[in-house]
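Architecture and fold: a report
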Amino acid sequence: MSDRPLLELDHLSTHYVTARGTRIVRAVDEVSLTLRAGETLGIVGESGSGKTTLALSILRLLPPAAHIVGGALRFDGEDLLAKSPAQMRHIRGKRIAMILQDPMASLNPLFTVGDQVAEPVRVHEGVGRRRAWSRARSLLADVRIPVPDQRLREFPHQMSGGMRQRIVGAIAISCEPRILIADEPTTSLDVTIQAQYLKLLRDLQREHGLALIFITHNLGIVARMCDTVAVMYAGRVIESGPVRRIFNAPAHPYTQALIESIPRLGAGPTRLTAIDGQPPDLAVLPAGCSFQPRCTRAIERCRHEAPPAIEVAPGHPARCWLADQSKR
Amino acid sequence: MIEARDLTKHFPLRRGLFARVEGAVRAVDGVSFTIDSGRTLGVVGESGCGKSTTAKLILKLEEPTGGEIRFDGQPLAGLGAEELRRYRRSVQAVFQDPFASLNPRMRVGQIVAEPLVTNEILDGAKVRKRVAQLLDLVGLPERAADLFPHEFSGGQRQRIAIARALALSPRLVVLDEPVSALDVSIRAQILNLLTDLQRDLGLAYLFIAHDLAAVAHMSHTIAVMYLGKIVEYGPAKTIASEPRHPYTQALFAAALPAHPDETREEIILTGEVPSPVNPPGGCRFHPRCPHVFGRCSVEVPLLRGAHGREVACHLYDGVR
């Protein structure tokens, strides 16, 4: 495995601009991240923290109001921001694939499962229908769907939620992508089905050497699945690093509070650490650090000066003034 | 305080031109539990296990097709109109989505006051005083009463829904996934608020959620449901630390860890929850059970005491 990261985001910013240009929403602001081949990166954040916009920026699938206004985006040594729409279409679905939250919304109810699983193969690799279908059959077997021959001829509504999500997974891996972005892939699934699906993703990753990006609000998914994690708050990555390190020694007060606010199985009736207030509106961010109004450890400096990313340890930056002169 | 005995709800399945009844969805099938004042019963299970139907039966939004519910020892079926009203006032609910459960055209003050206006004869000043008191109880400022729901965030809306549920000083509050629609950083706020209210007002909760850690955190007793039946029932701590029924074990093994070092035994169930229209014979879990043996497909296991809780599983026959 080479040292060069497979995907590199360097101070990437995506802003939404309202029709008359009166309001600017900094949905993704100066985000720097790297992902190596075969690695799993978790992007955690609450709703409105910009995590989905970040995923769509990587694929350049942004809605018309959103613009990538700065930074660099490199995939496998290529500059994705310099690609034409036609070139991007060859990358999307083939080299970078995505799984969305709601499988019913990503499948077309009017086409058979076989047609939909075969489609990317036919489009991207120009394979004929018959061969694409036999590929689809083996893909369904890959995602552990029993009796694939029969399922190929069925429609999405004939399947359960868990099975539909596995079909979406089969479509995503059909062209052997290098990166699979999964945006809240299991939120609509039941607990035991979620466990099945996460295990499947891990097996697929191992078999196909995929790099995975998990977009989630659930720290539990990060704890179970990811190698590295980036915590987003109000459009910025406020802390990132190796998962174990972040859980054991979180440097940012938001990360710390988030980890302490989730109930633990078997911890007994201890009081949860709640974070007061609520996430800010991205169009009217507070001055200084965006988390400062909710932070229990805010100092004077936090109120008027936004902290830069400070290296707490190699590969573990945090945007917090306290991380600076911290006791580490 | 409240007791369910052999509670059953079958929804008839109608088919064809004359809507002939062909079979039934056995949503809840012989469920028994008790909830005492100031205590929380947590109900866990996956979609289709009957936990929401159970909540509806307790709220009397559905009539049971079998079994009974007793309130302070009195069966509900025998209550007169006046007593039934008293029951309905004593049992309130908070639902999952605070965006759907609050009328967008009403001011918060009206929303919280509505149960008071329909159920009690109070003059305007008293209602306003009570509303201010309720808002304070859930941690909202008094001026919130003049605003509309859309002016609040999800967490604050859930506080409004809780204030409304408390308006008639209920004794039991049914909490149906009260935090799953909320942001992670807000969930702990609401869970803590619910804990405080229980302590201060002596409320009983029927807590339904799919987040096992949250249920284990909030509950004194847990009932694990699978396809309309309770498969394990007992003290929350005992069940969370040492689940015995193979389904409970798989469920807790599937729960996401709170820390990367928290490793659990991996039990991945195969297949999916079967349809409650034609549930499998014998133990309803047997087609997915990793410990299945001969008797399981033939004989329905009864809920029996074993290892300090009740389990419905043939593995624990003869265990005390």
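Right above here is the structure, for reference.
Starting afresh in each chain, residues are numbered from 1 along the sequence in its written order. To label them, take the chains in the order written and letter them from A, then take the ligands in the order written and number them from 1. A pLDDT threshold of at least 70 governs which residues receive local features in this predicted model, and a stricter bar of 80 or more applies before side-chain atom pairs are shown or counted, although totals over entire chains, interfaces and linings include all residues.

Thoughts on the overall build of chain B
Along the backbone of chain B there are nine helices and twelve strands. For 320 residues, the compact-globule formula gives about 20 Å, and the C-alpha radius of gyration of chain B, at 21 Å, lands near that figure. With the C-alpha coordinates of chain B rotated into their principal frame, the extents come out at 70 × 55 × 40 Å. Within the span of chain B, comprising 320 residues, buried residues form 47% of the whole. Any two residues are considered in contact once their C-beta atoms, placed from the backbone, lie within 7 Å. Once local pairs closer than 6 in sequence are excluded, the contacts in chain B between residues at least 24 apart make up 65%. Every helix listed is a DSSP run of H or I at least four residues long, and every strand listed is a run of E at least two residues long, numbered separately from the N terminus. The globule rule is 2.2 Å times the number of residues to the power 0.38, and the radius of gyration it is compared with is taken over C-alpha atoms. Counting other C-beta atoms within 10 Å of each residue's C-beta, where C-beta atoms are placed from the backbone, gives the exposure class: buried for 20 or more, exposed for 12 or fewer, partly exposed between.

A look at the overall build of chain A
Regarding its fold elements, chain A presents 13 helices and twelve strands. Its C-alpha atoms put chain A at 65 × 50 × 40 Å along the principal axes. By the burial criterion, 47% of the 328 residues in chain A qualify as buried. Counting only contacts in chain A whose residues sit at least 6 apart along the sequence, the fraction spanning at least 24 positions is 63%.

Focus: the interface of chain B and chain A
Each partner contributes to the interface: chain B provides 35 residues, whereas chain A provides 37 residues. Put simply, the parts of the chain that give the side of chain B that touches chain A at least two residues each are α6 (184-201), α7 (212-218), α8 (236-241) and α9 (246-254) of chain B. Sort the elements by how many residues they give to the side of chain B that touches chain A and α6 of chain B lands first, with eight residues.

Some points on the sheet that holds strand β11 (residues 304-306) of chain B
All names here are of chain B. Read across the open sheet, the eight strands follow the order β6-β7-β8-β3-β9-β10-β12-β11; overall the sheet is mixed. In this open sheet, the two strands that pair with only one neighbour each are β6 (91-94) and β11. Adjacent strand axes in the sheet meet at a mean angle of 25 degrees, parallel and antiparallel pairs treated alike. Whether two strands pair depends on DSSP finding at least two bridges between them. By the bridge criterion, four bridges tie β6 to strand β7 (residues 172-176) in an arrangement that is parallel. Note that in β7 the partner of Gln-92 across the bridge is Val-173. Along the sheet face, helix α1 (residues 51-58) touches β3 (40-44), β6, β7, β8 (204-208) and β9 (221-226) and points at about 150 degrees away from the line of β8. Axis angles are defined between N-to-C directions and span 0 to 180 degrees, where every axis is a line fitted to C-alpha atoms and, for a helix, only to the segment in contact.

Some words on the sheet that holds strand β4 (residues 66-71) of chain B
Backbone-to-backbone hydrogen bonds join strands into a sheet, with any given pair of strands oriented parallel or antiparallel. Residues and elements named next belong to chain B. The strand order β2-β1-β4-β5 describes an open sheet built from four strands, whose pairing is antiparallel. Two strands lie at the open edges of the sheet, namely β2 (20-35) and β5 (74-75), each paired on one side alone. Pairing of strand β1 (residues 2-15) with β4 involves five bridges; the strand directions are antiparallel. Within β4, the position partnered with Ile-2 by the bridge is Phe-71. Here α1 sits on the sheet in contact with β1, β2 and β4, set at roughly 75 degrees to β2.

So, unusual backbone geometry
Backbone geometry at Arg-60 of chain A places phi at a positive 50 degrees, although glycine is not the residue there. Inspection of the secondary structure assignment puts Arg-60 of chain A in the loop between α1 (51-59) and β4 (66-75). Overall, Arg-60 of chain A belongs to the partly exposed group, with 18 C-beta atoms counted inside 10 Å. With phi around 60 degrees, Lys-60 of chain B is a residue other than glycine that occupies positive phi space. Mapped onto the elements of the fold, Lys-60 of chain B is located in the loop between α1 and β4.

Let's talk about the pairing of β2 of chain B
Residue and element names in this part refer to chain B. Pairing analysis gives eleven bridges linking β1 to β2, with the strands arranged antiparallel. Bridge pairing links Leu-7 to Val-31 in β2. Following β1, the chain reverses through four residues before pairing antiparallel with β2; Gly-16 in that reversal takes a positive phi of roughly 80 degrees.

Quick look at the packing of helix α8 (residues 191-208) of chain A against α9 of chain B
It is at 8 Å that the axes of α8 of chain A and α9 of chain B come closest, and there the two elements cross at 55 degrees. Comparing their axes, α9 of chain B and α8 of chain A come out oblique. Seen from above, α8 of chain A lies across α9 of chain B with left-handed handedness. Touching Val-191, Thr-192, Gln-194 and Ala-195 of chain A of α8 of chain A are Ala-250, Leu-251 and Ala-254 of chain B, all from α9 of chain B. For this classification, under 35 degrees means roughly parallel, over 145 means roughly antiparallel, 65 to 115 means roughly perpendicular, and everything else is oblique. Two helices crossing with the near one rotated counterclockwise from the far one by less than a right angle form a left-handed crossing, whereas a clockwise rotation gives a right-handed crossing.

Describing the environment of Cys-49 of chain B
All names here are of chain B. Examined against the element boundaries, Cys-49 turns out to sit in the loop between β3 and α1. On the neighbour-count criterion, Cys-49 (27 C-beta atoms within 10 Å) is buried. With 226 residues separating them along the chain, Cys-49 and Ser-275 place their C-alpha atoms 9.8 Å apart. Those residues within four positions of Cys-49 in sequence are excluded, and the remaining contacts are Met-225, Tyr-226, Leu-227 and Gly-228.

Function cannot be read off these values alone, since they describe shape.
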